[in-house]
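# Structural characterization, general
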Amino acid sequence: MKTLIVDDKADDRKLLRMNLERRGCEVIEAADGESALALAQEQRPGLIISDALLPRMDGFQLLRAIRGDASLQDTPFVFYTAVYTAQKDEELARSLGADAYIAKPVEPEKFWQELQTILDGCRLKKLRRDVATISEEEYLRRYGEVVATKLEEKYHELLKNEAMLRLVMETLPVGVWIIDHDGLILRSNPAGEKIWGGARYVGIERYGEYRGWWAATGKRIEPHEWGAARAITKGETSLDEVIEIEAFDGRRKTILHSAVPLRDQMGKIVGAIVVNQDITERKRAEDEVRRLNAELEERVAERTSELEAANRELQAFNFSVSHDLRAPLTIIDGFVKAVLEDYGDRLNKTGVEYLGRVRNACQRMEQLVDALLSLSRLTREPLHREEVDLSEIARSVTRELSHLDPARPVAVRIAGGVTAFGDRQLLRSVMENLLGNAWKYTGGREDAEIEFGATEEGGKTVYFVRDNGVGFDMAYADRLFAPFQRLHRADEFKGTGIGLATVQRIVLRHGGRVWAEAQPDRGATFYFTLGRNDRKEREAAFREE
């Protein structure tokens, strides 16, 4: 069935068209009463659905013309309106021959059902009813009453909207200009007058009275360059343009300037809305932050330079110390060895024992020098990060420990699939020191147990090495990671006291931390993280970004 839709709102016509076409109707459209009448006379639709409020010829006038045309007077005519919804409006429509009067909006399915009911009724009556049952004089009287009532309603609605607009304008914290189609500033709110130190209601040619400069270039803004002028003359939308202004009271400010053209239903520019936001204090704060950041960067650069110089001096000192210490130690050890070999048979037991202690002290000193050099190298060598299988490293280290001490029965549990992202050699050093300590400090246990694994805490991967060895008193835990600090006597457990300091240095370089929990004679557990260098935390960081 061919259906004529008459509505000045394109969106409403589109919704009706979609509803009818999906049910097999052929749809033609008109945006005003005069066009609809001409189209109806040309196309002879089987149904007319019309709004009441239309330009050039409203729905009531259209219906009267349709019923007055012999070729169209039997065409079903349905009003579908959101404005003329009073009882008096419907009575006028019925008196003019409307078949139905439906108030917008209606669900598509329900609207279609109502149309079917209307059309079925028209078919049963085998139309036609008597048309134009009221006189011209009566029509004009009743039509005038309807229009007058609607005008009064609109007038009060406009008053209400005007009051609301005034309240909004007075309340908005940003400056607002309302501009007409010629570019004349019609209205400015209190916030706008505060920004500019007043208001001047001028047209485009006098926009130069508003003194402004582009913040990025310092160039003076010409009258035609203001966003308001471009919105009116070119239809441009400008958002958050940063402008330096000189208010009418002489104060300099920084504002964000935005302008949006206003268009009617036909797309014609009828005015513009301009928004000015004072960001002077915000810009000052941003400038201050940038200044402080620049100072901070300068200080960081200075401190970095000082630190690099200190590191170079420390490296030179370490090299010098190691060289200067190693040479005399080698000489002492060599001479003591020669004395023992050449004159040992002439010394008594006590003398030989003293010389043996001297040699042991020299060798231990050499070990300490080597450990000191190894620790200093950790801060010099760059990190080569890659995916590292810590489980496999743990298995390799414990195999080496077992090979060196095959008689020891140790129960080793290593969790599978534990990986990290870091420097392979340095992470192996971490595992060698932690597992080596666990192996060493469980030496007196017949049921020695060592475990390596990982857990999740607060979204971070925490690695651990646990043993049931001699443990330690947590009151001394702050000494654990200091170089050459030991919680057990050297005659109880061998070592240089540099292992845990090495572990901490490596973990810190990877952006993590290391700590321990223990009880005397009940074992110890060492934990460490690697910051955002392990896979799960890197994936989480990627999702956050």
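Residues take numbers from 1 onward in each chain, read along the sequence in its written order. Where local features are concerned, this predicted model is filtered to residues with pLDDT of at least 70; where side-chain atom pairs are given and counted, the filter is 80 or more; whole-chain, interface and lining totals use all residues. Only hydrogens and water are set aside when side-chain values are computed; all heavy atoms of the structure are taken into account.

Only DSSP runs of H or I reaching four residues or more are called helices, and only runs of E reaching two or more are called strands; each is numbered from the N terminus. Secondary structure assignment for the protein chain yields 14 helices and 18 strands. Buried, partly exposed and exposed residues are distinguished by accessible area as a fraction of the type maximum, computed with a 1.4 Å probe on protein chains only: under 20%, between the cut-offs, and over 50%, respectively. Expressed as a percentage of its 545 residues, the buried residues of the protein chain come to 40%. Partitioning the intrachain contacts of the protein chain with sequence separation of at least 6 by distance along the chain shows that 60% fall at a separation of at least 24. To measure how exposed things are, a 1.4 Å probe is used in the Shrake-Rupley method; for residues, cover is taken only from the protein chains shown. As presented, the protein chain carries roughly 31,000 Å² of accessible surface, and 53% of it is formed by carbon and sulfur atoms. We call two residues in contact when some of their heavy atoms are within 4.5 Å.

So, about the pairing of strand β6 (residues 175-180). Of all six residues in β6, six are buried; the element is thus mostly enclosed. Side-chain alternation along β6 places Gly175, Trp177 and Ile179 on one buried face and Val176, Ile178 and Asp180 on a second face that is also buried. Note on pairing: DSSP must find at least two bridges between two strands before they are called paired. Two strands pair when backbone bridges link them, and β6 and strand β11 (residues 269-278) are joined in this way by six bridges, in the antiparallel orientation. Note on β11: the bridge partner recorded for isoleucine 178 is isoleucine 273.

Before going further, it helps to spend a moment on the confidence of the model for the protein chain. Confidence scores per residue from the predictor, reported as pLDDT, run from 0 to 100. Looking at the protein chain as a whole, its pLDDT mean stands at 84, while 86% of the residues score no less than 70. Below pLDDT 50 for its whole length, residues 126-132 participates in 13 contacts with residues either more than four positions away or in separate chains. Segment residues 541-545: pLDDT under 50, and two contacts once partners within four positions in sequence are set aside and those in other chains are kept.

Should a side-chain nitrogen of Lys or Arg be within 4 Å of a carboxyl oxygen of Asp or Glu, the pair is scored as a salt bridge. For the coordinates displayed, the defined rule picks out 35 salt bridges. Residues arginine 290 and aspartate 287 are paired through a salt bridge, measuring 2.3 Å at the closest nitrogen-oxygen approach. In this pair, arginine 290 and aspartate 287 are both assigned in helix α9 (residues 280-343), three residues apart and thus about one turn of the helix distant. Classification of arginine 290 as partly exposed rests on a relative accessible area of 48%.

What counts as an axis is a line fitted to C-alpha atoms, over the stretch in contact for a helix, and the angles between N-to-C directions run from 0 to 180 degrees. Relative orientation of the contacting elements helix α2 (residues 33-43) and helix α3 (residues 59-67) amounts to 25°, with a least axis distance of 9 Å. In terms of axis orientation, α2 runs roughly parallel to α3. Crossing handedness for the pair α2 and α3: right-handed. Counted together, Gly33, Ala36, Leu37 and Ala40 of α2 and Leu62, Ala65 and Ile66 of α3 form the full contact between these two elements. Grouping the constituent residues of the contact of α2 with α3 by class yields six nonpolar, one polar and no charged. Any angle from 65 to 115 degrees is called roughly perpendicular, while one under 35 is roughly parallel, one over 145 is roughly antiparallel, and all others are oblique. For a crossing to be left-handed, the near helix must be turned anticlockwise from the far one by less than a right angle; the clockwise case is right-handed. All residues other than Ala, Val, Leu, Ile, Met, Phe, Trp, Tyr, Cys, Pro, Asp, Glu, Lys and Arg, Gly among them, are scored as polar; the first ten of these are nonpolar and the last four charged.

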